[in-house]
Amino acid sequence: MSSSERSRKESDNREAFSVEEAFAKLSDIVEKMDEPEVTLEASMQMYREGIELLNQCGETLDQIEKELIILTEEGEISDGENEGTDSTD
């Protein structure tokens, strides 16, 4: 698999997983776990789901951070390439 195919696949996975939706689900989980009638078993299941969502959020945010670093570096490189050239020539 080429790097562009891998990037496209990772991008598709991120689009399928929304960090914002995950945070909303996490908020719902916390509210449900605060309810006194929730059983220990149900609490554990919600806890597992919450941990899974947190891990996915972390992976997604790490990947986005890496992409931002690369884009920033590429921007600095392309800006630097234009230095020293006179556009009036």
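Residues numbered from 1 in each chain as written. Predicted model: local features only at pLDDT ≥ 70, side-chain atom pairs only at ≥ 80, totals over all residues. Heavy atoms only, no water.

1. A closer look at the overall build of the protein chain
- For the protein chain, the count of helices and strands is three helices and zero strands.
- Listing the helices and strands of the protein chain from first to last along the sequence gives α-α-α.
- For the protein chain, the residues scored as buried account for 15% of the 89 residues in total.
- Contacts spanning at least 24 positions in sequence make up 67% of the contacts within the protein chain whose residues lie at least 6 apart.
- Carbon together with sulfur atoms contributes 51% to the accessible area of the protein chain, which is approximately 7,400 Å² in total. (Helix = DSSP H or I, 4+ residues; strand = E, 2+ residues; numbered from the N terminus. Buried < 20%, exposed > 50% of the residue type's maximum accessible area, 1.4 Å probe, protein only. Contact = heavy atoms within 4.5 Å. Areas by Shrake-Rupley, 256 points an atom, 1.4 Å probe, with all protein chains shown as cover.)

2. Section: the confidence of the model for the protein chain
- Per-residue confidence for the protein chain gives a mean pLDDT of 81, with 69% of residues at or over 70.
- Averaged pLDDT values for the elements of the protein chain fall to 54 in helix 1 (residues 3-16) and rise to 95 in helix 2 (residues 19-33). (pLDDT = per-residue confidence, 0-100.)

3. A short note on the nonpolar core
- Counting residues in hydrophobic clusters, the biggest one holds eight residues: Phe17, Val19, Ala22, Leu26, Ile29, Met46, Leu53 and Cys57.
- Contributing elements (two or more residues each) for this core: helix 2 and helix 3 (40-82).
- For this core, the element with the most residues is helix 2, which contributes four residues.
- Look past the residues within four positions of Val19 in its chain and what remains in contact with it is Cys57, Thr60 and Leu61. (Core = buried A, V, L, I, M, F, W, Y, C linked by side-chain atoms within 4.5 Å.)

4. Structural notes on the side chain of Ser43
- Looking at the secondary structure, you find Ser43 in helix 3.
- Its relative accessible area of 15% is what places Ser43 among the buried residues.
- Beyond its immediate sequence surroundings of up to four residues, Ser43 is in contact with Met33 and Val38.

5. Thoughts on a nonpolar patch on the surface
- A surface patch of nonpolar side chains, amounting to about 570 Å² of accessible area, comprises Met33, Leu40, Met44, Tyr47, Ile51 and Leu54.
- Here the nonpolar patch gets five residues from one element, more than from any other, and that element is helix 3.
- With respect to the element layout, Tyr47 can be found in helix 3. (Patch = residues over 30% accessible without salt bridge, like charges linked within 9 Å, V, L, I, M, F, W, Y side chains within 5 Å. Salt bridge = Lys/Arg side-chain N within 4 Å of Asp/Glu carboxyl O.)

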